[in-house]
Amino acid sequence: MEMEKLVSLCKRRGFLFQSSEIYGGINGFWDYGPLGVELKRNIKEAWWRDMVTSHDELSVVAGAPASYEMTGLDCTIIMHPQVWKVSGHYDLFSDRMVDCRETKGRYRYDQLRGQWVEAKGRRVFVTTNAEADDEADDLRRRALKVFRLRNKDADALVWDGPIVSLETVDDFASVFAPQASKVGTLTEPREFNLMLDCYPGPIKDEKNRAFLRPETAQGIFVNFKNVVDSTRVRVPFGIAQVGKSFRNEITPRNFTFRSREFEQMEIEFFCHPDTSTAWYKFWRDRRFRWYQDLGLAGERLQLRDHDPDELSHYSTGTADIEYAFPFLPEGEYGELEGIAHRGDFDLRSHMEGKLNPETNPLEVELGENGKPKYKGSGRDLTYRDDLSNERFTPHVIEPSAGADRATLAFLCEAYCEDEQPSEKGKLETRVVMQLHPRIAPIKAAIFPLVKKDGMPEVAKDIYRAMKKQFPAFYDEKGAVGRRYRRQDEAGTPYCITVDGQTLTDQTVTIRDRDTLKQWRVKIDDVVDEIATRVS
RNA sequence: GCGGGUGUAGCUCAAUGGUAGAGCAUCGGCUUCCCAAGCCGACUACGAGGGUUCGAUUCCCUUCACCCGCUCCA
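Residues numbered from 1 in each chain as written. Chains lettered and ligands numbered in written order. Predicted model: local features only at pLDDT ≥ 70, side-chain atom pairs only at ≥ 80, totals over all residues. Heavy atoms only, no water.

**So, the state of the cysteines**
Phase 1: Taken as a whole and assessed by the stated rule, the structure comprises zero disulfides.
Phase 2: Lacking any disulfide linkage, C10 is separated from the closest cysteine sulfur, that of C412, by 8.1 Å.
Phase 3: Free cysteine: C495, not disulfide-bonded; nearest cysteine sulfur from C416 at 16 Å. (Disulfide = S-S within 2.5 Å.)

**Details of the pattern of salt bridges**
Phase 1: Summed over all chains, the structure comprises 38 salt bridges.
Phase 2: For the salt bridge of E263 with K40, the shortest nitrogen-to-oxygen distance reads 2.8 Å. Of this pair, E263 sits in strand β14 (residues 261–271) while K40 sits in helix α2 (residues 34–53), placing them 223 residues apart in sequence. Comparing E263 with K40 shows no difference in burial state: the two are buried.
Phase 3: A salt bridge links E365 to K354, with the nearest nitrogen and oxygen atoms 2.9 Å apart. Linking E365 in the loop between β19 (363–364) and β20 (383–384) with K354 in the loop between α9 (345–352) and β18 (355–356), this pair joins segments that are eleven residues apart in sequence.
Phase 4: Exposure remark for K354: the relative accessible area of 8% places this residue in the buried category.
Phase 5: Connected via shared salt-bridge partners are K40, K44, E263 and D404. (Salt bridge = Lys/Arg side-chain N within 4 Å of Asp/Glu carboxyl O. Helix = DSSP H or I, 4+ residues; strand = E, 2+ residues; numbered from the N terminus. Buried < 20%, exposed > 50% of the residue type's maximum accessible area, 1.4 Å probe, protein only.)

**A few points about the sheet that holds strand β3 (residues 69–72)**
Phase 1: Pairing is mixed in the open sheet, where seven strands are placed in the order β3-β13-β14-β22-β17-β16-β15. Bordering the open sheet on either side are β3 and β15 (301–305), each of which pairs with just one other strand. Sheet twist, expressed as the mean angle between neighbouring strand axes with direction ignored, is 20°.
Phase 2: Against the sheet, helix α8 (residues 276–293) contacts β3, β14, β15, β16 (318–323), β17 (334–343) and β22 (395–402), and its axis sits at roughly 165° relative to β17. (Pairing = 2+ DSSP bridges. Axes fitted to C-alpha atoms, helices over the stretch in contact; angles between N-to-C directions. Contact = heavy atoms within 4.5 Å.)

**Describing the domain arrangement of chain A**
Phase 1: Parsing chain A into structural domains produces domain 1 (3–93 + 198–410), domain 2 (96–191) and domain 3 (442–534).
Phase 2: For domain 1 versus domain 2, the separation of C-alpha centres amounts to 39 Å. (Domains from an automatic or database assignment.)

**Quick look at the sheet that holds strand β25 (residues 444–448)**
Phase 1: Overall, mixed pairing links the five strands, which are arranged β26-β25-β27-β28-β29 in an open sheet. Edge positions in the sheet fall to β26 (472–474) and β29 (518–522), since each has one partner strand and no second. Neighbour-to-neighbour, the strand axes of this sheet turn through a mean angle of 25°, independent of strand direction.
Phase 2: As paired elements, strand β27 (residues 494–498) and strand β28 (residues 507–512) share four bridges and run antiparallel to each other. In the sheet register, Y494 faces β28, and the bridge partner there is D512.
Phase 3: Helix-sheet contacts for helix α14 (residues 523–534) involve β25, β27, β28 and β29, and the interaxial angle to β29 is about 120°.

**Some remarks on helix α5 (residues 135–146)**
Phase 1: With twelve residues, α5 ought to run about 16 Å at 1.5 Å a step, and its terminal C-alpha atoms sit 16 Å apart, in line with that.
Phase 2: Listing the buried residues of α5 in full gives E135, D138, L139, R142, A143, L144 and V146.
Phase 3: Against β6 (113–119), β7 (122–128), β8 (158–165) and β9 (175–176) lie the buried residues of α5.
Phase 4: Directly beyond the C-terminal end of α5, a positive phi value near 50° is found at R148. (Expected span 1.5 Å × (residues − 1).)

Here it is in structure tokens:
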């Protein structure tokens, strides 16, 4: 399936529009049209219902280590700026970058390393992006190259000082960039603000600087104590939240896949450290199955466990649920959801101050004055088990899903072209969105076969009855074949048609979107029949 | 952010330094008893800003957006 066809259909039928389109659009922002908003709402509601409201906390769910509770939360997009300093987003999201004018390479200013070297009366800062154990060798090779020296003349190189970060260098004209052929090709460092900032309050002042959240998760952590104190929930339990998040993606691209404003569906699941690995596995498998159950059943969906060396030491597992989007190269997958075992990193950070993820055991990252670089809340976020009297900091399993990415994956999966005979028996291409009935924007369409003989009146009565229970669509215009095809593109799973026979025996036909098969049911039963099939 | 490409009707595309066309879709009418049918009619476009020119959708500059490659992707 070519992506262009889906993009075109999304616009034509009202699933997705470019934001601010009449003004030329704005990069990284997308709007959901009349069909799209229903689709996305259905996905979010299915998630909320399946994960939260219909969860049975009295029983042990299949595959779960124990029974557990689920609850929800809806917190603000703008929070205290300290939240993001402690969470690590502030540091991670305000990288400074340098670009190489020659090789077009881009490097993290703090991560590019090098060493001063002098030869032939010139002093150059030679850089490398080689792995740590290869660093010294690469620097030597690069130094020989920049001074046009042979291997045997390596003694002519006079190294000055240790290998240090590019951050220590002021004189960019003397920097020899990786893979470059000459000196001085790097730009001055530029700041990349990966969090969108804002200035709440009437005066735009640095004191008032705050951020639009880059994830919903932190709102759950900072409310952990409130939820425990107000709801009588007991560990293990999960807090779910759906909401908008914002990231200044450097390259928004691939339709809605990488947007700057997007919606997340996140759960933070709190459990005892001893059981966290079992809970991690439960959530990983449960979330994977959720996508399968809603129609991403094929090989384009995969569950990928991160390699142990990809993991932070405090995490015992992270898995991505990925989909082979058609805009990606063959064999590549895009992330729909990440399920991460986060240990006690987040709750402890919000108590003690930002932890340094590189330390083992985890320690608070200190600033130059020996105090925490970013101070925590100082609040006690530990949990006391009423029954065992044990006090501990819960470990966290985080299933974090992208609502827009899920929506896009369901759209991609649903797009289908087949061949169906026309009125004259000739095969014609049909475009059909084979959305799972549960997420389809319109559940059923109702047509009078022709606009006369009292058929519209009967059809309208059925339409009114249906619309009280689920989204339905009435259409009496033009040829019935055309009306069917329109609903196929909208992904409507069922069409109900009132015909001549209806007027004599009170039955109507139901037409199945995917098979085109039709069968007759009594008018009195048709609403229940559809309701059963779409829930 | 860099390099390349593309912006014309709701969609897919055409033509042109001087009145911008088509197919499909949409709307109205007639016809029509099951899969985009037929006939008649209607609506709708040169991404934005500036320049050159008597005149610019066309040439030039800038900008915005989209696509491809690089980069980035906590």
